[in-house]
Amino acid sequence: MPSVFETSPTAIPITFVTKSSWDEVAETLPPAQRQFATASAFAGKPGGYLALPAPDGAIAQVLFGLDDRGARSRDPFRPGALPGLLPPGTYRFANAPHDARLAALAFALGCYRFARYRKADRPDVRLVPPDGVDATEIERIADAAMLARDLINTPSNDMGPEELAAAAQDLAAEFGASFACTIGEDLKTDFPLIHAVGMASDRAPRLIDIIWGDRSHPKVTLVGKGVCFDTGGLDLKPSSGMLIMKKDMGGAANVLALARMVMDAKLKVRLRVLIPAVENAVAGNAFRPLDIFTSRKGITVEIGNTDAEGRLVLADALALADEEKPDLLIDLGTLTGAARVALGPDLPPFYTNDETLAADVARCAMKENDPLWRMPLWAPYDAWLDSKTATITNAPSGGFAGSITCALFLQRFVEEARSWLHVDIFGWTPSAKPARPEGGECQAARAIYALLSERYA
């Protein structure tokens, strides 16, 4: 995307105010501007916006309201609303927002528009990078986030397994990474669970495999759920449950976004990206409840519910990743409604038994305003996965602790990795917020990138 940052000596200042600081700021304004603000009933409320006129009618400066520092609901991304409010031009921060780096990132993210199918003009605004903020790094993160949003927002008729693989191949080519793809019937022997989920669709399933970086560097492997549309299979979803299932490849989209950040920053890792890309369709050859398949790892899996398909495709991909004994194995997927019931759409749960990793993830999530919340890999619930006719079932009966049992299911396929992180994302913003338009969202990738940057810069 075009750069949102530029240097300009005539940039229009943006002054940040809060309700508690407004009176003090107002006293510093020229009398005419102060009177204009009073007449406009501007009071520094969060999200409040006012362009103050100069004597010649141009914009002298912009006032924008932030949350008070002590506010419980303070949003570091509130400046992300500015691109949708500002007239065309170049702007600068006249004073410090709560976090200048996050404010600049929010400004960049707020410029996003999904315009593939209808005209949606990108805001014609630019920002002078705040002092001490690395504009190149901000744009790296914003570009990757917009890649994830574009992939998720694209409807499934134009974003099936083949198209997702093409997007991954384009990314690999951009950064000189190797790309391989196992397709259709070639999956049946080595990746039977991926094949089983995708075989009912006339759009062949595939396993995408990208490798980048020096092989002598620590191995970091990313696995992303790429279910390009999920009908639920024979355990069919209701129409309301299918409505935004184009986002069910959100794990893959976010893994590709994270890979873009890592490769663009040239982190010192040997990166591998695995994406099982399928469409969970309904046809005469669709996999059925109580079918049993032998996974790549040799674990037999009974199908308790065909709508718990994401963990199946991830299982085979995780087994492949685990065979290489990576230093860090991370999987992302839009997996369970239970996670949304527990934590809502904005706060994905994550799981790991590595205490250092857990603390680092939580800290980076907070720092990056990319919220994540640790949930337990509660061992006593592992018995709920038991099947009378196979090693495990993909969908325990009872309905309790659905996100935890999904994580425990995936844990069965990870034994050799030095450290493993599982994130159950939503990948979607249900209603627009500053810097986060309604639609596909980049979740967890920014926090994990911050972690990887600390460890492998």
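Keep in mind that what you see is a predicted model, and the values were worked out from it rather than measured.

**Thoughts on the pattern of salt bridges**
So, point 1. For the coordinates displayed, the defined rule picks out 30 salt bridges.
So, point 2. Residues Arg78 and Asp67 are paired through a salt bridge, measuring 2.9 Å at the closest nitrogen-oxygen approach. Of the two residues, Arg78 sits in the loop between strand 3 (59-65) and strand 4 (89-93) while Asp67 sits in the loop between strand 3 and strand 4, which places them 11 residues apart along the sequence.
So, point 3. A residue is classified by how much of its surface remains accessible, and Arg78, at 17% relative accessible area, is buried.
So, point 4. The exposure class of Asp67 is buried, given its relative accessible area of 4%.

**Quick look at the environment of Arg113**
So, point 1. For Arg113, the position within the fold is in the loop between helix 3 (100-109) and strand 5 (125-127).
So, point 2. Overall, the relative accessible area of 33% leaves Arg113 in the partly exposed class.
So, point 3. Residues contacting Arg113, with those up to four places away along its chain left out, are Gly84, Ala120, Asp121, Arg122 and Pro123.
So, point 4. Engagement of the side chain of Arg113 in a polar contact is seen with the backbone oxygen of Gly110, the distance being 3.0 Å.

**Re the UniProt feature "domain: Cytosol aminopeptidase" (unreviewed entry) in the protein chain**
So, point 1. Under the present numbering, the feature "domain: Cytosol aminopeptidase" (unreviewed entry) in UniProt falls on residues 305-312.
So, point 2. A distance of 11 Å separates the end C-alpha atoms of residues 305-312, which is 38% helix and 0% strand.

**Focus on the domain arrangement of the protein chain**
So, point 1. For the protein chain, the assigned domains are domain 1 (12-133) and domain 2 (140-456).
So, point 2. Computed from C-alpha atoms alone, the centre-to-centre distance between domain 1 and domain 2 is 37 Å.
So, point 3. Contacts between the two partners involve 17 residues from domain 1 and, on the opposite side, 18 residues from domain 2.
So, point 4. Overall, the association of domain 1 and domain 2 removes approximately 1600 Å² of surface from exposure, summing both partners, and the carbon and sulfur fraction of that is 62%.
So, point 5. Area buried by domain 1 at its contact with domain 2 is led by Phe77, Leu109 and Tyr112, which between them contribute 40% of it.

**A few points about the side chain of Asp360**
So, point 1. On the secondary structure map, Asp360 appears in helix 12 (residues 355-367).
So, point 2. Polar contacts involving the side chain of Asp360 include one to the side chain of Arg363, which spans 3.1 Å.
So, point 3. Sequence-distant contacts of Asp360, that is, excluding residues within four places in its chain, are made with Leu451 and Arg455.

**Here we look at the nonpolar core**
So, point 1. Counting 91 residues, the largest nonpolar core has Leu164 and Leu271 as the members making the most contacts within it.
So, point 2. Two domains share this core, each providing at least three of its residues, namely domain 1 (12-133) and domain 2 (140-456).
So, point 3. Setting aside chain neighbours within four positions, we find Leu271 in contact with Ile210, Ile211, Trp212, Val220, Leu222, Ala259, Val262 and Met263.
So, point 4. Counting residues in hydrophobic clusters, the runner-up holds 41 residues, among them Met375, Leu377, Cys406 and Ala417.

**Section: the packing of aromatic side chains**
So, point 1. Under the counting rule described, the total for this entry stands at seven aromatic pairs.
So, point 2. Ring centres of Trp378 and Tyr381 lie 6.5 Å apart, and the angle between their planes is 70°; this geometry places the pair in the edge-to-face category.
So, point 3. Residue class for Tyr381 comes out partly exposed when judged on its relative accessible area of 24%.
So, point 4. With 4.1 Å between their ring centres and 20° between their planes, Tyr381 and Trp384 make a pair best called stacked.
So, point 5. A connected cluster of aromatic rings, assembled from ring pairs, spans Phe16, Phe64 and Phe93.
So, point 6. For Arg149, the ring lying beneath its charged end belongs to Tyr112, and the centroid distance is 5.3 Å.

**Considerations on the sheet that holds strand 11 (residues 292-294)**
So, point 1. Reading across from one edge, 11-12-16 is the order of the three strands in this open sheet, with mixed pairing throughout. Edge strands, defined here as strands with exactly one partner in the open sheet, are strand 11 and strand 16 (392-393).
So, point 2. Note that strand 11 and strand 12 (residues 300-302) share three bridges and pair antiparallel. Looking across to strand 12, one finds that Phe293 is bridged to Val301.

What counts as what
Residues numbered from 1 in each chain as written. Predicted model: local features only at pLDDT ≥ 70, side-chain atom pairs only at ≥ 80, totals over all residues. Heavy atoms only, no water. Salt bridge = Lys/Arg side-chain N within 4 Å of Asp/Glu carboxyl O. Helix = DSSP H or I, 4+ residues; strand = E, 2+ residues; numbered from the N terminus. Buried < 20%, exposed > 50% of the residue type's maximum accessible area, 1.4 Å probe, protein only. Contact = heavy atoms within 4.5 Å. Polar contact = N/O pair within 3.5 Å; in protein donor to acceptor, adjacent residues only side chain to side chain. UniProt positions renumbered as here; feature names shortened; annotations may be inferred. Domains from an automatic or database assignment. Buried area = accessible area lost by both parts, 1.4 Å probe. Core = buried A, V, L, I, M, F, W, Y, C linked by side-chain atoms within 4.5 Å. Phe/Tyr/Trp six-rings, centres within 6.5 Å; stacked < 30°, edge-to-face > 60°. Lys NZ or Arg CZ within 6 Å of the ring centre and 35° of its normal. Pairing = 2+ DSSP bridges.

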